[in-house]
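Chain by chain, the residues run as shown.
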Amino acid sequence: MKPAIDLSLCMRTGQCFYLHPGYFKEGADGYPIIIKSLTTESATLKENILDCCPAQAIVFAEQQ
Amino acid sequence: MTSAQDYNPFSKETIECPYDFYAAMRNESPVMQVADGVFFVSSYDLIRQVLVDTKRFSSSNGAAFLNFQGEQGLAPPTMPPPDIANILAQGPRPRNTLLTADPPEHTRYRSLVNRSLSPRRVAKLEPAAIRVADALIDTFIDRGEVDLVEEFTQMVPLTVVAIALGVPEDQLENYKRWSMDAVKVLAGTVSHEERIESAQASVDLSNFLAQQVEQARKNPQGGLVEDLINAHMLLDEDVDGGQDSYRGLDTDEIVSVLNQLLIAGQETVNYLLSSTLLLLLQNPEHLARVEKDHGLIPAVLEEALRLESPIQSIGRFVLEDLELGGIAIPKGARLVILYGCGNRDENRFEDAATFSLNRTDARNHVGFGAGPHYCVGANLARMESRIALERLFARITNLQPTGELQQLSHQYNFIFRALNALPLRFDKKPAPDEEQEAAL
Ligand code: HEM
Ligand code: SF4
């Protein structure tokens, strides 16, 4: 599963790349860049990633 | 324009309306030394740069709050004198969890609290917020006039945060008094007696919360208290398929988090709501639009967060010799991050001083901060403020200031942008069924 970010909602709070640096990094403009898919099926980790974003800009899509 | 150097940033006049001073400062010296080892940071870009860089700009070492000493300005925090240290020793051991922690410790606590205040969880509190707002409106609606600060904007967040935490609602007056007394020292110009009161209030609040946590360990009551008791702090995030390691939080840690939520969750929202209403009264055409279309309330709130940021400033501690905005800053210096000034930066927001409901980038303000410490209560603050205004505009109309708007004043406080009072006259709206009858 790979997280995706709706940049039209993102407020550049940085919560995703500070709390989950294994999955996101900061782009030059302050917007997040996704660097990795979830490899383990950890439901907690997935929820933590979803819940860290105050803009609800992060979504998970099933990977093809 | 008057030069930034001509203002006393700490005078009553400047604090009542800091915006000309802010504009001068942004233009002339976005990083400006204001005392020995104390610098203001005033442009939007530099503010963001500092807030996201926790490796060089720390929130520890009492960084967040400098002592505001009235006209004399700001001084670094000092060790409490022995009599106050003795009082503080009677409370739980202070722990650095959120506001006063740096990554990686900060990150561990922060991910736990984020979950409890996520948009999904906050949405579940909406019915409670509606109940609270309506019950408060009931108490004044037949009177036709009210001080909204005293009877509404202060009470909504106080009650809602107690519900969110899961602490008893019959202690609201105590939470208010303890919190106000505890933060009073930040406003400076307090006597030694007031410092003692303040220390006592911090201890009483912490001891009360510790008691709540111990009781809830045996008899859980829901809310954040229970979440934190059950929480497992991630010590080592597994990114590659091995084992994650976790541990639970001890009571001192939980109390530290609860303390911050309870204190930061009350007055800030009060200030946002009262400033929002004042902005609407100053812009009657917008008030009329919002009264007709409640869908505009979120945009109004973002614009109020931007223009009248409830928290105007916060501190950071400089960890190494560096240069910021072309100014050399020594290790050990303290920065004052002026959110309220960056939010009016013309280089970031078009017509920055204008109240507008048409901005597409309004939510990029730094009224909730930015980076690791971005307000953990932002979702709750947005929800409860929206509900408070929705209920108000659903039930009353023709809001008019009782006196002159220009007479309204703010607290003499360097950190908070806080209206002292907002006395209004209004008309009660007919209840929806009466309205229908009237239309027949
Ligand atoms: C309109 C209302 C509010 C405003 C303007 C506001 C503003 C802020 C700002 C600017 C920060 C960042 C501080 C920093 O950079 O060091 C912050 C952090 C914080 N806020 Fe809020 N806040 C509001 C409401 C709330 C509410 C309702 C709660 C609790 C339920 C809350 C709890 C906190 C806490 C615990 C932190 C520290 C977070 C951390 O360091 O990770 N705030 N707030
Ligand atoms: S947490 Fe959400 S709002 Fe913040 S930077 Fe990441 S995607 Fe954007």
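Residues numbered from 1 in each chain as written. Chains lettered and ligands numbered in written order. Predicted model: local features only at pLDDT ≥ 70, side-chain atom pairs only at ≥ 80, totals over all residues. Heavy atoms only, no water.

Visitor: If you had to explain the sheet that holds strand E6 (residues 145–147) of chain B to someone new, which residues and values would you point to?
Guide: Within a beta sheet, neighbouring strands are joined by backbone hydrogen bonds and run either parallel or antiparallel to one another. Residue and element names in this part refer to chain B. An order of E6-E14-E13 is seen for the 3 strands of this open sheet, with the pairing classed as antiparallel. The open sheet is flanked by E6 and strand E13 (396–401), the only strands paired with a single partner. Recorded for the sheet is a direction-independent mean angle of 30° between the axes of neighbouring strands. (Pairing = 2+ DSSP bridges. Helix = DSSP H or I, 4+ residues; strand = E, 2+ residues; numbered from the N terminus. Axes fitted to C-alpha atoms, helices over the stretch in contact; angles between N-to-C directions.)

Visitor: How would you sum up the interface of chain B and chain A? Please name residues and give values.
Guide: If you look at the interface, chain B gives 26 residues, while chain A gives 24 residues. Between chain B and chain A, a total of about 2300 Å² is buried, with carbon and sulfur atoms accounting for 46% of that surface. A:Glu47 is paired through a salt bridge with B:Arg120; the nearest N and O atoms lie 3.9 Å apart. Here the side of chain B that touches chain A gets 5 residues from one element, more than from any other, and that element is helix H5 (residues 105–116) of chain B. Tallied by class, the residues present in the side of chain B that touches chain A amount to 7 nonpolar, 9 polar and 10 charged. (Contact = heavy atoms within 4.5 Å. Buried area = accessible area lost by both parts, 1.4 Å probe. Salt bridge = Lys/Arg side-chain N within 4 Å of Asp/Glu carboxyl O. Nonpolar A, V, L, I, M, F, W, Y, C, P; charged D, E, K, R; others polar.)

Visitor: Let's hear about helix H2 (residues 19–28) of chain B: which residues, and what values?
Guide: All names here are of chain B. Of all the 10 residues making up H2, 7 are buried; the element is thus mostly covered by neighbouring parts of the structure. Listed in full, the buried residues belonging to H2 are Tyr-19, Phe-21, Tyr-22, Ala-23, Ala-24, Met-25 and Arg-26. Buried positions along H2 lie against helix H1 (12–16), strand E1 (31–35), strand E2 (38–41), helix H16 (297–307) and helix H17 (339–342). (Buried < 20%, exposed > 50% of the residue type's maximum accessible area, 1.4 Å probe, protein only.)

Visitor: Would you mind going over the site of ligand 2 in detail, with residue names and values included?
Guide: By nearness alone, every residue bordering ligand 2 is listed as A:Ile5, A:Cys10, A:Met11, A:Arg12, A:Thr13, A:Gly14, A:Gln15, A:Cys16, A:Pro32, A:Cys53 and A:Ala55. A majority-of-atoms criterion places ligand 2 in the second largest cavity. (Near = heavy atom within 4 Å. 1 Å grid on protein atoms, 1.4 Å probe; cavity = no way out; pocket = protein on both sides within 12 Å on 5 of 7 lines; lining within 4 Å. Sits in = over half its atoms within 2 Å of the grid points.)

Visitor: Which residues make up the environment of B:Leu117, and what are the values?
Guide: All names here are of chain B. Topologically, Leu-117 is positioned in the loop between H5 and helix H6 (119–124). Residue class for Leu-117 comes out buried when judged on its relative accessible area of 4%. With residues up to four places along the chain from it excluded, the contact list for Leu-117 reads Val-122, Leu-224, Leu-261, Val-376, Gly-377, Asn-379 and Leu-380.

All we've got here are geometric facts, nothing functional implied.
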